[in-house]
Amino acid sequence: MPVGVGRLKALVLTLDYAHRVSFYDDWSDAFRASPQFDCHFNNILNLKTADLARQVDQHDVLVMLHSCNSDTLGYFAALAPVLAQRKHAKLLSFVGNEYNSPYVSTATRNALLCEARVDLIATQLLWEAGEYLYGATGARVIAVPHALNPVAFRPGPDHRNRALDIGVKGYKYPAFLGDDDRNQMIERFQRDAARFGLKVSISEDQRLDREGWARFLGDCRGTISTEVGSWFIEPDDTLISRIHEHIKAKRTGIVITSDSILRRAARRLPMSLKASLWKLLKLGIVKFEILDDFNAPFNELDELFFKQTPRAPVYGKTVSSRHFDAAGTKTCQLMQRGRYGDIFEADRHYIAIDPGFGNLDEAVQKFKDAGLRQKIVDDCYEHILSSHTYAHRTRSVRAAFDDL
């Protein structure tokens, strides 16, 4: 069937709970709005296997969004045997958090993708990296990066009317990624803001919901960022297992693990209560495994593991949903030079900062040139709007289904 001819009846599986990950909502909205699909949504947080078994072959295609395997595999594991029993529906799975994590095993995720007989795997990474990670599953791998939601992230006020020069909201990146670039960039701008004459608001432990994030970006002339992902991706968990054993051996006291029943129960709590619990856990009276791991010193892990390990044979970093969000609000991005999914072009769509920050002063001077900054955000916005919205992505997903 040619792309765009008729609508495929789609069962879209999500793991919906109180969160501040805006791209989860963007992808759900994209499939709801897509003229290529007639979608029925099901939240696997509450989905019984018998209910799924009744639904799968009532649809032409099944789509598992990133949330289904992003920070837990428990719900996916319960449903994989049911998905495997489908008779005709084709199954596509997006993949969340495409790096080797102590909490979500890449090897186990791949085994579940095999067990569920997934037909298509949609990676956020460059295609060759996705093929490297998931090729052994037997599924066809397609590259489907994040995109712009032009409804949620619209051009903000004229830069003259924005209160901040540089704004950042987000978590510190953990040392077990094997990369400290983003954290170093944040530290440099925090330290040198006064020297540069920049008004900045940088919070490393706060994320906003989608509406709050869009408002915040709309009040910033610029933001800073790097690519997401890791140089040390691998289809199994050999390196990350060694790293995590090292971190765990140093723990003391009472520790809540990431796979505990308490973590699973916490997904059902409202965001306000979860935020209060997060603050309480940060006090360290009772430790939370993830917080404890995030505090592991980068230099220690770098010396013990990463300097002794070759990088992956593929480019393991990529573009983030947040890069598209900033493009949509016409917020100028100062970013470490990289590929960014081969979508954002250095010094045309963003102001490039060299690794090691050798050109940092020059990059800031470019940013402070209002005319140049406006040209960059205008060019970036038009480029993304023309080819990289979520509507473009759902069309590419439909084309992949049609090619099966």
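Residues numbered from 1 in each chain as written. Predicted model: local features only at pLDDT ≥ 70, side-chain atom pairs only at ≥ 80, totals over all residues. Heavy atoms only, no water.

With respect to the overall build of the chain
What the chain contains, in helices and strands, is 17 helices and 15 strands. Against the 2.2 N^0.38 benchmark of 22 Å for 404 residues, the chain shows a C-alpha radius of gyration of 21 Å, consistent with a compact globule. For the chain, the spread of C-alpha atoms along the principal axes amounts to about 65 × 55 × 40 Å. Within the chain, the fraction of its 404 residues that count as buried is 55%. Per element, the accessible surface of the chain, about 17,300 Å² overall, is 52% carbon and sulfur. (Helix = DSSP H or I, 4+ residues; strand = E, 2+ residues; numbered from the N terminus. Rg over C-alpha atoms; globule rule 2.2 N^0.38 Å. Buried < 20%, exposed > 50% of the residue type's maximum accessible area, 1.4 Å probe, protein only. Areas by Shrake-Rupley, 256 points an atom, 1.4 Å probe, with all protein chains shown as cover.)

Topic: the sheet that holds strand β5 (residues 120-123)
Overall, parallel pairing links the six strands, which are arranged β2-β1-β3-β4-β5-β6 in an open sheet. If you trace the sheet from one side to the other, it starts and ends with β2 (37-43) and β6 (140-143), each paired once. Shown here is a sheet whose adjacent strand axes are inclined to one another by a mean of 25 degrees, direction ignored. Here strand β4 (residues 90-94) pairs with β5 via three bridges, running parallel. Within β5, the residue paired with Ser-93 across the bridge is Ile-121. (Pairing = 2+ DSSP bridges. Axes fitted to C-alpha atoms, helices over the stretch in contact; angles between N-to-C directions.)

Digging into the sheet that holds strand β14 (residues 332-336)
Pairing is parallel in the open sheet, where five strands are placed in the order β8-β7-β9-β14-β15. Among the strands making up the open sheet, the edge pair consists of β8 (200-203) and β15 (351-353). Put simply, the sheet's adjacent strands are angled 25 degrees from each other on average, direction ignored. Pairing geometry for strand β7 (residues 164-169) and strand β9 (residues 220-225), over two bridges, is parallel. Residue pairing in the sheet places Ile-166 in a bridge with Gly-222 of β9. With respect to the sheet, helix α7 (residues 210-217) is in contact with β7, β8 and β9, its orientation differing from that of β7 by roughly 155 degrees. Against the sheet, helix α13 (residues 321-328) engages β7, β9 and β14, with an angle of about 150 degrees to β14. (Contact = heavy atoms within 4.5 Å.)

Digging into the pairing of strand β3 (residues 61-64)
Burial along β3 is two-sided: Val-61 and Val-63 facing one way and Leu-62 and Met-64 facing the other are all buried. Sheet topology places strand β1 (residues 8-14) next to β3; four bridges connect them, and they run parallel. When the sheet's bridge partners are listed, Val-12 is paired in β3 with Val-63. Relative to β4, β3 runs parallel, the two being bridged by four bridges. Looking across to β4, one finds that Met-64 is bridged to Ser-93.

As for helix α17 (residues 390-403)
Helix length check: α17 (14 residues) gives 20 Å between terminal C-alpha atoms against 20 Å at 1.5 Å per residue, within 8%. Regarding α17, the residues found buried are Tyr-390, Arg-393, Thr-394, Val-397, Arg-398, Ala-400, Phe-401 and Asp-402. (Expected span 1.5 Å × (residues − 1).)

Considerations on the pattern of salt bridges
The final tally for this structure, using the stated rule, is 26 salt bridges. When the shortest N-O distance is used, the salt bridge between Asp-29 and Arg-32 registers 3.7 Å. Of this pair, Asp-29 and Arg-32 both sit in helix α1 (residues 22-33), three residues apart, which is roughly one turn of that helix. Here Asp-402 makes a salt bridge to Arg-398, at a shortest N to O gap of 3.0 Å. (Salt bridge = Lys/Arg side-chain N within 4 Å of Asp/Glu carboxyl O.)

Some details on the side chain of Ser-101
Tracing the backbone through its elements, the reader meets Ser-101 in the loop between β4 and α4 (106-115). Looking at Ser-101, its side chain comes within polar contact range of the main-chain nitrogen of Val-104, at 3.4 Å. (Polar contact = N/O pair within 3.5 Å; in protein donor to acceptor, adjacent residues only side chain to side chain.)

Observations regarding unusual backbone geometry
Here Asn-97, not a glycine, exhibits a phi torsion of approximately 50 degrees, which is positive. Mapped onto the fold, Asn-97 is located in the loop between β4 and α4. Judged by relative accessible area, which is 31%, Asn-97 ranks as partly exposed. The backbone of Phe-357 shows a phi angle near 65 degrees, a positive value even though the residue is not glycine.

Focus on the packing of helix α3 (residues 74-84) against α4
Two numbers describe how α3 lies on α4: the axes approach to 8 Å, and their chain directions differ by 25 degrees. When the interaxial angle is binned, α3 and α4 end up roughly parallel. Residues Phe-76, Ala-77, Ala-80, Pro-81 and Ala-84 of α3 form the contact with α4, whose participating residues are Arg-109, Leu-112, Leu-113 and Glu-115. Its residues assigned to classes, the contact of α3 with α4 comprises seven nonpolar, no polar and two charged. (Parallel < 35°, antiparallel > 145°, perpendicular 65-115°, else oblique. Nonpolar A, V, L, I, M, F, W, Y, C, P; charged D, E, K, R; others polar.)

What to know about the nonpolar core
If you look at the biggest cluster of nonpolar residues, it comprises 37 residues, and the most contacted ones within it are Leu-13, Ile-44, Leu-52, Phe-76, Leu-83 and Ile-121. Every element with two or more residues in this core is listed here: β1, β3, α3, α4 and α5 (127-134). Every residue in contact with Leu-83, bar those within four places of it in the chain, is listed here: Leu-13, Leu-52, Val-56, Leu-62, Met-64, Phe-76, Leu-91 and Ala-116. With 25 residues, the next largest nonpolar core counts Val-12, Val-63, Leu-65 and Ile-142 among its residues. (Core = buried A, V, L, I, M, F, W, Y, C linked by side-chain atoms within 4.5 Å.)

Here's the deal with the pairing of β6
Across four bridges, the pairing between β5 and β6 is parallel. Residue pairing in the sheet places Ala-122 in a bridge with Ile-142 of β6. Between the parallel elements β5 and β6, the chain passes through α5 in a crossover that is right-handed. (Right-handed = clockwise from strand over helix to strand, strands pointing away.)

Regarding empty space enclosed by the protein
All chains considered together, the criterion is met by four cavities of 30 Å³ or more. Lining of the largest cavity is provided by Tyr-99, Asn-100, Phe-176, Leu-177, Ser-230, Phe-232, Ile-233, Glu-234, Leu-239, Ile-240, Ile-243 and Phe-306. Grouping the amino acids of the lining of the largest cavity by side-chain chemistry returns nine nonpolar, two polar and one charged. (1 Å grid on protein atoms, 1.4 Å probe; cavity = no way out; pocket = protein on both sides within 12 Å on 5 of 7 lines; lining within 4 Å. Points joined across faces, edges and corners; volume = space filled by probe spheres on them.)

Structural measurements only, silent on function.
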